[in-house]
Amino acid sequence: MALVLAPAALRAQRGGSPSYSELFVDAGMARVRQESRTARAPDATDAGTLGVGAQRVGRTISYGGELAATLVREPEAVDPRTGPGVRASPSALTGALQAAALGAFTPAAAEWFRTDVAAVGTRFGVGLGGLSAVGGSNRAGLWRGSLSRGVGPVSGGVSGTVAASSTSRSNPSGPPSADLRFRATSTEFGGWLSHRWLTLSIVRTRTLTDDYPLVEAAGMRLIRPAGSYDVRDVVVTGGVRVQRIALQAAFSRRAGGSATAGGARARNVSASVALTRSFALVATHGDLLADMLRGVPQSRMSSVALRWRVGGGASGGMRANQRVLSPGPLVEGERAGGVRAAVERVPAGGAVLTIEATAPRDAVVEYGTSQNDWMPTRATFDGRVHVARIDLPSGVHRVSVRVNGGTWQAPAGLVRERDEFGGWRGLVVVP
Amino acid sequence: MIRVSLQPVCRRVLAALACAAAVVHAAPAGAQSVPQRSQSQVADALEGVGDAPVRTALLATIESAQSRGVPVDPLITKVREGVAKQSDPSRISDAVRQLAGRLETAAQALAPAFSSSEISAGAGALQHGVPASTLRAYRALSPSAPLTVPLGVLTEMIADGVPPKLASTRIRELVARGAAPALLIDMGAKIRSDVIRGIAPGVALELRSKGVISLLGSPVSPAAQPQLRPGKR
């Protein structure tokens, strides 16, 4: 079974970022090559992928859901000696269906903290046209807590995740004893750092599982009796995001711990290009280590998908492809990197407030201040960022910024306060 | 639904503003003349509120505030803020009504106020939980110098997480020692940096305020302060 994509379900929005709702549809193709040691030979599988999801991203509560389907033609049988393997058995047109729900909560009084919960259910080996294959299901859930901070253009944070899953596999053509259930638990800890267009993250994950077909297919084994495999991963990810293009590269190193021997390395790259505000093209290529939580085997994958979105916030179609469950890139903080402000005093009196917003060239960045009677005034694009310079006289001033008509927000770098209208504004005191 | 055309509303606004000068004179003794909006600005501000009954209610709030000596400018600015932020008209009305109440309280506590911006700064502090008695205490300490910046910095600190009582006390000490506005603003910025770095807001204030106090002399008695006249900032 080649479950290849679980596209984005939700993207984090830290404090001050706009609230929005959106519907998105991902459609694409993928070529998957599974290096299974239980197979006679590696094979390449073409898969069609389709995902439909909706999400609501708010200041305090965000939630979303997605249905994803993968359609695969499996040309070869697995070695019958392994019993129920991780791949489809007969040559068949099979599919996988996945439903994911994700919620996130950020307390209004402590926006540096965010907690996420997610639940994913997958049914794979769904026979089509009267054909059936090795089937099964996977249920997984996770809880993640993350702390983030932003100082000027720099933001960073740490995150801890606890996840658990249960995978069952069955072979309709085999004996009842062939039905097996496996469990996995995972703990993850990591951190990320972002400066303007650059983001780096490192994540360390430890997974304990008894899913022997999956682990041994990935080339790992027990060197002495033990209750579970101990799989330890380190994933380093770097990403850049300039204008309409986002690039990301990840390097993963896997090693066995305790009684588990063996290991693996993987490299993959992805890119997304916002073609228009509604359409984005997402491409990925590289190795995927076996995902113990979701019961997905190790593979090499190349895929391309077109994302169409309706609604949404200022980030346009630049949402990167993210997997719902770890291992994967940490959720990055966005507040500091989005809209920021700096105040410079003028010797003759008053001050100049400079607002900078990182947004696509064609974005509409507007500011309003108590000084200009909240008249929405457009910032100018200087080739790199949207900039506005505002002369402020002595006194206490309020300022808010919005991007593409989204929620008014307080620029990073200023003290924030809630306004009376459901948004935020920054405070500026000028001597 | 009661339909009220805009024109009568605007006429009432203009009529209300016609007596603005008299109202300003009725304001707390010594208050600076509050620059009033042009008639078209006020009309424009109210025109942005889509709901006619709400416009009527807003006008009543503004007229009532004027009759009590409350500066109109911040109220009009609040209307414009609500309109710009595409807020529900009833929410705009609530915000303006509450602001009018805070402005009146601040004007009374800060009397004789120096400017509408000082009263606005006082209203901002009240919104963040500072009691009116604190404003009165500040005015008693600084009868001859505007409190706009101290109140603004106080508001910033509370918004940054400093406990209101602690922030009020420390700012009062600094005002009593004659801390310059720029010094207070710098202190506020340093506290904000400390908070971002993870220091508890209250601890950051204690540390930074001690540093500032060490630069200042003994508390200045109100009688010894230079007698600036209101409006001579």
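Residues numbered from 1 in each chain as written. Chains lettered and ligands numbered in written order. Predicted model: local features only at pLDDT ≥ 70, side-chain atom pairs only at ≥ 80, totals over all residues.

Focus on the overall build of chain B
For chain B, the helix and strand inventory stands at 12 helices and 0 strands. The order of helices and strands in chain B, counted from the N terminus, is α-α-α-α-α-α-α-α-α-α-α-α. By residue count, 45% of the 233 residues in chain B fall in the buried class. Counting only contacts in chain B whose residues sit at least 6 apart along the sequence, the fraction spanning at least 24 positions is 75%. (Helix = DSSP H or I, 4+ residues; strand = E, 2+ residues; numbered from the N terminus. Buried ≥ 20, exposed ≤ 12 C-beta atoms within 10 Å, placed from the backbone. Contact = placed C-beta atoms within 7 Å.)

Some words on the sheet that holds strand E18 (residues 351-357) of chain A
Two modes of strand pairing occur in sheets, parallel and antiparallel, and in both the strands are linked by backbone hydrogen bonds. All names here are of chain A. Strand order in the open sheet formed by 4 strands is E17-E18-E22-E21, and the pairing between neighbours is antiparallel. Every other strand in the sheet has two partners, leaving strand E17 (339-345) and strand E21 (380-381) as the edge strands with one partner each. Sheet analysis places E21 next to strand E22 (residues 386-392), joined by 2 bridges and oriented antiparallel. Note that in E22 the partner of Thr380 across the bridge is Val387. (Pairing = 2+ DSSP bridges.)

Remarks on the interface of chain A and chain B
Across the boundary between the two partners, chain A contributes 20 residues, which contact 27 residues of chain B. Among the secondary structure elements, those contributing two or more residues to the side of chain A that touches chain B are strand E6 (135-151), strand E23 (395-403), strand E24 (415-418) and strand E25 (424-430) of chain A. No other element matches E24(A), which puts 3 residues into the side of chain A that touches chain B. Along the lines of polarity and charge, the residues of the side of chain A that touches chain B split into 10 nonpolar, 4 polar and 6 charged. (Nonpolar A, V, L, I, M, F, W, Y, C, P; charged D, E, K, R; others polar.)

What to know about the confidence of the model for chain B
Residue and element names in this part refer to chain B. Predicted confidence across chain B gives a mean pLDDT of 78, with 75% of residues reaching 70 or more. In the predicted structure, residues 1-35 sits below a pLDDT of 50 and forms 55 contacts with residues beyond four places in sequence or in another chain. Across residues 223-233, where pLDDT falls below 50, the model places 16 contacts with residues more than four positions away in sequence or in other chains. Reported confidences for the modelled complex are a pTM of 0.49 and an ipTM of 0.80. (pLDDT = per-residue confidence, 0-100.)

Side note on helix H7 (residues 116-127) of chain B
All names here are of chain B. Between its terminal C-alpha atoms H7 stretches 16 Å, which fits the 16 Å expected from 12 residues at 1.5 Å a residue. When we look at burial in H7, the residues that qualify are Ser116, Ser117, Glu118, Ile119, Ser120, Ala121, Gly122, Ala123, Gly124, Ala125 and Leu126. Trailing H7 by a residue or two, Gly129 shows a phi angle of about 95°, which is positive. (Expected span 1.5 Å × (residues − 1).)

Considerations on the packing of helix H4 (residues 52-67) of chain B against helix H6 (residues 89-109) of chain B
Residue and element names in this part refer to chain B. Two elements in contact, H4 and H6, have axes whose closest approach is 9 Å; the angle formed by their N-to-C orientations is 5°. The angle between the axes of H4 and H6 places the two elements in the roughly parallel class. Side by side, H4 and H6 meet where Val54, Ala57, Leu58, Thr61 and Ala65 of the first sit next to Pro89, Ser90, Ile92, Ser93, Val96, Arg97, Ala100, Leu103 and Glu104 of the second. Its residues assigned to classes, the contact of H4 with H6 comprises 9 nonpolar, 3 polar and 2 charged. (Axes fitted to C-alpha atoms, helices over the stretch in contact; angles between N-to-C directions. Parallel < 35°, antiparallel > 145°, perpendicular 65-115°, else oblique.)

Notes on helix H5 (residues 73-84) of chain B
Residue and element names in this part refer to chain B. Along its 12 residues, H5 runs 16 Å from first to last C-alpha, staying within 8% of the 16 Å computed at 1.5 Å per residue. A large share of H5 lies buried, amounting to 12 of its 12 residues. Taken as a whole, H5 has its buried residues at Asp73, Pro74, Leu75, Ile76, Thr77, Lys78, Val79, Arg80, Glu81, Gly82, Val83 and Ala84. The positive-phi residue at the C-terminal boundary of H5 is Gln86, with phi of around 50°.

What to know about the pairing of E24(A)
All names here are of chain A. Sheet analysis places E24 next to E25, joined by 4 bridges and oriented antiparallel. Within the sheet, the bridge partner assigned to Arg416 lies in E25 and is Gly426. Between E24 and E25, which follow one another and run antiparallel, lie 5 residues, and Gly422 among them has a positive phi close to 90°.

Some thoughts on the packing of helix H11 (residues 181-196) of chain B against helix H12 (residues 201-215) of chain B
Residues and elements named next belong to chain B. At their nearest, the axes of H11 and H12 sit 9 Å apart, and the two run at 145° to each other. In the packing of H11 onto H12, the handedness of the crossing is right-handed. Residue-level inspection shows Leu183, Met187, Lys190, Ile191, Asp194 and Val195 of H11 in contact with H12, the latter providing Pro201, Ala204, Leu205, Arg208, Ser209 and Val212. The residue inventory of the contact of H11 with H12, partitioned by class, reads 8 nonpolar, 1 polar and 3 charged. (Left-handed = near helix turned anticlockwise from the far one by under 90°.)

Quick look at the environment of A:Ser400
All names here are of chain A. On the secondary structure map, Ser400 appears in strand E23. Judged by local crowding, Ser400 falls into the buried class, with 28 C-beta atoms found within 10 Å. As for Ser400 and Gly426, which are separated by 26 residues in sequence, their C-alpha atoms are 6.2 Å apart. The residues touching Ser400, leaving out its near neighbours within four places in the chain, are Tyr367, Gly368, Trp408, Gln409, Ala410, Gly423, Trp424 and Arg425.

Looking at the pairing of strand E11 (residues 229-242) of chain A
Residues and elements named next belong to chain A. In E11, alternate side chains face the same way, and those of Tyr229, Val231, Asp233, Val235, Thr237, Gly239 and Arg241 are buried while those of Asp230, Arg232, Val234, Val236, Gly238, Val240 and Val242 on the opposite face are not. Where strand E9 (residues 198-209) and E11 come together, 12 bridges link them in antiparallel fashion. Of the residues in E11, the one forming a bridge with Arg206 is Arg232. Where E11 and strand E12 (residues 245-256) come together, 12 bridges link them in antiparallel fashion. Along E12, the bridge assignment pairs Val234 with Arg253.

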